[in-house]
Amino acid sequence: MNLVQSKASTENDWGVREAQLETLHQEILFQREALLHSSSSVIQGPILNAGRTNIYSESDARLRNLKLLKDIDVLDEEMNCHPSSSSKFVILQNNYWSMVRSLLPLWEESLNVGNHLSQQQKIRSRNS
């Protein structure tokens, strides 16, 4: 008898869970439709009111650009306040420039080889 009651209880639990899932599924579908509707109105809004939104977006862009320029000025002042002649920075700078000096001839040579090859290809294509 316990097995029969247990099976009935499990089936009842499954039925309750199925009803809960169905309700949740309906809520998700409703939210999806609402989001689709709102996103389509957001997308179509600027198209329908193109003249007005461009005016607002231009003024917003100007304000944003002014704020960015002020931020850049503040950062520039902060950089000028801190001396850049710390020993770590000087070492890094020297290492960088020595690497550039050592690799520059190789880079120039590779450019010359590339130019030489492209000139040879042009000559071959003319002769063909």
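Here the structure is a predicted model, which means the values were calculated and not measured.

The rules behind each value
The residue numbering used here restarts from 1 in each chain and proceeds along that chain's sequence as written. Reporting of local features is limited, given that this is a predicted model, to residues whose pLDDT is at least 70; pairs of side-chain atoms are given and counted only at 80 or more, and all residues count toward the totals for whole chains, interfaces and linings. Derived side-chain values reflect all non-hydrogen atoms in the structure, with water molecules and hydrogen atoms excluded from consideration. What counts as a helix is a DSSP run of H or I of at least four residues, what counts as a strand is a run of E of at least two, and both are numbered from the N terminus. Under the scheme applied here, a residue whose accessible area is under 20% of the maximum for its type counts as buried, over 50% as exposed, and between as partly exposed, the area being computed with a 1.4 Å probe on protein chains only. Calculation of accessible area relied on Shrake-Rupley with a 1.4 Å probe; when residues are assessed, cover is drawn exclusively from the protein chains displayed. Only Phe, Tyr and Trp rings take part, Trp by its six-membered ring, and two of them pair if their centres are within 6.5 Å. Stacked means planes under 30 degrees apart, edge-to-face means over 60, and tilted covers everything else. What makes a patch is a set of residues exposed beyond 30% relative accessible area and free of salt bridges, joined within 9 Å when like-charged and within 5 Å when nonpolar (Val, Leu, Ile, Met, Phe, Trp, Tyr). Salt bridges are defined as contacts in which a side-chain nitrogen from Lys or Arg sits within 4 Å of a carboxyl oxygen from Asp or Glu. Working convention for charge: Lys and Arg count positive, Asp and Glu count negative, and His plus the chain ends are omitted. For the purpose of locating charges, the reference atoms are NZ of Lys, CZ of Arg, CG of Asp and CD of Glu.

Asks: Describe the overall build of the protein chain, naming the residues involved and giving the relevant values.
Replies: Per the secondary structure count, the protein chain includes 3 helices and 0 strands. For the protein chain, the N- to C-terminal ordering of α and β elements is α-α-α. For the protein chain, the proportion of its 128 residues judged to be buried stands at 1%. If you sum the accessible surface of the protein chain, you get close to 12200 Å²; carbon and sulfur atoms cover 61% of it.

Asks: Please give an account of the packing of aromatic side chains that cites residues and values.
Replies: In this description, an aromatic ring pair is defined by two values, namely the gap between the centres and the angle between the planes. Using the criterion set out here, one finds 1 aromatic pair in the structure. Note on Tyr-96 and Trp-97: the rings are 5.1 Å apart at their centroids and 75° apart in plane angle, and the pair reads as edge-to-face. For Trp-97, a relative accessible area of 42% translates into the label partly exposed.

Asks: An account of a negative patch on the surface is requested, with residue identities and associated values reported.
Replies: Among the surface-exposed residues, Asp-73, Asp-76, Glu-77 and Glu-78 lie close enough to one another that they form a single negatively charged patch. Mapping Glu-78 onto the fold places it in helix H2 (residues 50-81). Residue classification places Glu-78 among the partly exposed positions, given a relative accessible area of 43%.

Asks: Could you give an account of a nonpolar patch on the surface, with specific residues and numbers?
Replies: On the surface, a cluster of nonpolar side chains totalling about 530 Å² of accessible area is made up of Tyr-96, Trp-97, Met-99, Leu-103 and Leu-106. Relative to the helices and strands, Leu-106 resides in helix H3 (residues 87-127). Note on Leu-106: relative accessible area 55%, which makes it exposed.

Asks: Describe the pattern of salt bridges, naming the residues involved and giving the relevant values.
Replies: Opposite charge on two side chains makes pairing possible when the charged atoms of those side chains draw close. This structure, assessed with the given rule, holds 3 salt bridges. Between Arg-32 and Glu-33 there is a salt bridge, and its shortest N-O distance comes to 3.6 Å. Given the relative accessible area of 48%, Arg-32 is considered partly exposed. We classify Glu-33 as partly exposed; its relative accessible area is 48%.

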